[in-house]
Amino acid sequence: MDAPIINFYAVQSAELESKKVEYNGVNIEVYFHKSHAWNVDRMIESVQDSIDYFTQAFGPYQHKQLRIIEFPRYRSFAQSFANTVPYSESIGFVTDSRDESKIDLPYYVTAHEVAHQWWGHQVSGANVEGAAVMSETLSQYSALMVLEKRFGPEKLRKFLKYELDRYLMGRTGEAFEEMPLYKTQAQQYLHYNKGSVVMMAIYDRLGEKRLNAALKAFLNEFRYQSTPYPTTLDLLSYLKQDATQAEQNFIDDQFKYITLYELEMKEVSISDEADSDGFYSVTLNVEAVKQRADGQGEETEQPLDELIDIVLFSDDPENLLAEDFVIYSQKHQIVTGTNIIELRVKEKPLFAGVDPYVKLVDKDNVNNLAKF
Ligand SMILES: [Zn+2]
């Protein structure tokens, strides 16, 4: 190998077709069963987009090849080894990706696996609580950024809703004790599902530039390092490196505590006619509560006073085929209890949402939207 690798590799043997593309000095190769060629180009496109994004965000790709190799659906997963990704036919190769209202599974899974070449292979966590945050949570974040660039924030919303639901279901079924994210153990609902929502929330607060600069600095410090391996405490110190006190509190809420919101768009109304300047008056009633749970699910109310998205839509945000349907999108200071928000807009909205892009861990995200 051209760069250090972990003592961890896969051996596969099969009669396969291949498609090979050279891209900026990297040989991208997909090996597939001869009748399963449908999504090969989509996977190659995802590898290219991912290598581009991760290289500029976190630093160079360390190998000269990136190979994806299909295996039958005895098992349903893909896994990243150094420059090699065994990939089940059932989570990409035989997926019907023609319906554009659905998440592009092969594109997403590929981006996640490519991200592991940085998160897991360039830096890997100490064998202690929270280690999976450094591999899985950061790979999820990286893949979601590639998805957002490709498909836009409106389509990412569906994915984050799914991740949030999986987290909420996971904590309901927890047999022992829910850990805060920075101490996740074998709890996939934390380091995958909650991790996606949390990282996108921190991205929303810090912005792409600052968050990626923090991750890049963390990676630079610990690249190929095993004496010692980093823990989530190291990661958190980088995430907070130039954060304001309010941002640091938010990061702690997400990682060190089990923080839950219940935001509801309770009532919406709009004037029948536009005023003489052509504006409609919109009144929104948002109910809000913030809680902290312990590992057994016992909740304590926390004071809430945070900037939260308020969005007006001209179409149903559940309709992934809708385009240009955001009429108004601003953060408003939301406090515990009833918040009355008055807006003036030129176009009549059809839906109003509080945190509609699922940037917070909300116990019921269905009531975040209301129809006029
Ligand atoms: Zn993974």
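Residues numbered from 1 in each chain as written. Predicted model: local features only at pLDDT ≥ 70, side-chain atom pairs only at ≥ 80, totals over all residues. Heavy atoms only, no water.

Things to note about the overall build of the protein chain
Each helix and strand counted, the protein chain has eight helices and twelve strands in total. For a compact globule of 372 residues, the expected C-alpha radius of gyration is about 21 Å, and the protein chain comes in at 22 Å, within 12% of that figure. Seen through its principal axes, the protein chain has C-alpha atoms that stretch 70 × 45 × 35 Å. Per-residue burial over the protein chain gives 53% buried out of 372 residues. For the protein chain, restricting intrachain contacts to residue pairs at least 6 apart in sequence, the fraction spanning at least 24 positions comes to 67%. (Helix = DSSP H or I, 4+ residues; strand = E, 2+ residues; numbered from the N terminus. Rg over C-alpha atoms; globule rule 2.2 N^0.38 Å. Buried < 20%, exposed > 50% of the residue type's maximum accessible area, 1.4 Å probe, protein only. Contact = heavy atoms within 4.5 Å.)

With respect to the pairing of strand β3 (residues 65-71)
Taken across its seven residues, β3 has six buried, putting it largely inside the fold. Pairing of strand β2 (residues 26-32) with β3, which is carried by five bridges, proceeds in the parallel orientation. By the bridge assignment, Glu29 is partnered in β3 with Arg67. Handedness of the β2-helix α1 (residues 40-58)-β3 crossover: left-handed. (Pairing = 2+ DSSP bridges. Right-handed = clockwise from strand over helix to strand, strands pointing away.)

What about the side chain of Gln291?
As for its placement among the helices and strands, Gln291 is situated in strand β6 (residues 280-293). For Gln291, a relative accessible area of 16% puts it in the buried group. Here the side chain of Gln291 touches Lys363 through a polar contact of 3.1 Å, side chain to side chain. Non-local contacts of Gln291, meaning those with residues more than four positions away in its chain, are made with Ile258, Thr259, Leu260, Glu299, Thr300, Glu301, Gln302 and Lys363. (Polar contact = N/O pair within 3.5 Å; in protein donor to acceptor, adjacent residues only side chain to side chain.)

Quick look at the domain arrangement of the protein chain
How big an interface is tends to be reported as the loss of accessible area on association of its parts. Domain assignment breaks the protein chain into domain 1 (17-255) and domain 2 (259-371). Taken over C-alpha atoms, the centre of domain 1 sits 29 Å from the centre of domain 2. The interface is formed by 24 residues belonging to domain 1 together with 29 residues belonging to domain 2. Buried area between domain 1 and domain 2, summed over both chains or domains, comes out near 2,400 Å², and the portion from carbon and sulfur atoms is 52%. In terms of surface lost to domain 2, no three residues of domain 1 exceed Glu154, Arg157 and Asp253, which account for 26% of the buried area on that side. Run the count over domain 1 and domain 2 and you get five salt bridges. The interface formed by domain 1 and domain 2 holds ten residue pairs in polar contact (both at pLDDT 80 or more) in total. Sorting the residues of the side of domain 1 that touches domain 2 by element identifies α4 (153-172), α5 (188-206) and α8 (245-255) as the ones contributing at least two each. (Domains from an automatic or database assignment. Buried area = accessible area lost by both parts, 1.4 Å probe. Salt bridge = Lys/Arg side-chain N within 4 Å of Asp/Glu carboxyl O.)

Remarks on the environment of Val326
Relative to the assigned elements, Val326 resides in strand β9 (residues 326-335). By relative accessible area, Val326 is classed as partly exposed at 35%. Along the sequence, Val326 and Pro349 sit 23 residues apart, while their C-alpha atoms lie 8.7 Å from each other. Ignoring sequence-local partners within four residues, the contact set of Val326 consists of Glu154, Val311, Leu312, Phe313 and Tyr357.

Things to note about the sheet that holds strand β12 (residues 369-371)
One open sheet accounts for four strands, arranged β9-β8-β11-β12; its pairing is antiparallel. A single partner strand is all that each edge strand has here, and the edge strands are β9 and β12. Taking each pair of neighbouring strands and ignoring which way they run, the sheet shows an average axis angle of 20 degrees. Note: strand β8 (residues 305-313) against strand β11 (residues 351-354), four bridges, orientation antiparallel. By the bridge assignment, Val311 is partnered in β11 with Gly353. (Axes fitted to C-alpha atoms, helices over the stretch in contact; angles between N-to-C directions.)

Comments concerning the coordination of the zinc ion
Every protein donor of the zinc ion is accounted for by His112 (NE2), His116 (NE2) and Glu136 (OE), and the metal-donor separations fall at 2.0 to 2.1 Å. Expressed as a motif, the donor residue spacing for the zinc ion is H-x3-H-x19-E. Note on His112: relative accessible area 5%, which makes it buried. (Donors = N, O, S within 2.8 Å, 3.2 Å for Na, K, Ca; no water.)

A word on the packing of aromatic side chains
Overall, the coordinates contain 16 aromatic pairs when judged by the stated rule. Their ring planes at 55 degrees and their centres at 6.4 Å tell us that Phe159 and Tyr162 sit as a pair that is tilted. Placement of both Phe159 and Tyr162 in helix α4 is noted, with a separation of three residues, approximately one turn of the helix. What makes Phe159 buried here is its relative accessible area of 5%. Tyr162 sits in the partly exposed class, given a relative accessible area of 44%. Note on Phe218 and Phe222: the rings are 5.4 Å apart at their centroids and 50 degrees apart in plane angle, and the pair reads as tilted. Linking Phe218 with Phe222, this pair stays in helix α6 (residues 208-222), spanning four residues, or about one helical turn. Every member of this aromatic cluster is reached through a ring pair, and the members are Tyr53, Phe54, Phe58, Tyr61, Trp118 and Trp119. (Phe/Tyr/Trp six-rings, centres within 6.5 Å; stacked < 30°, edge-to-face > 60°.)

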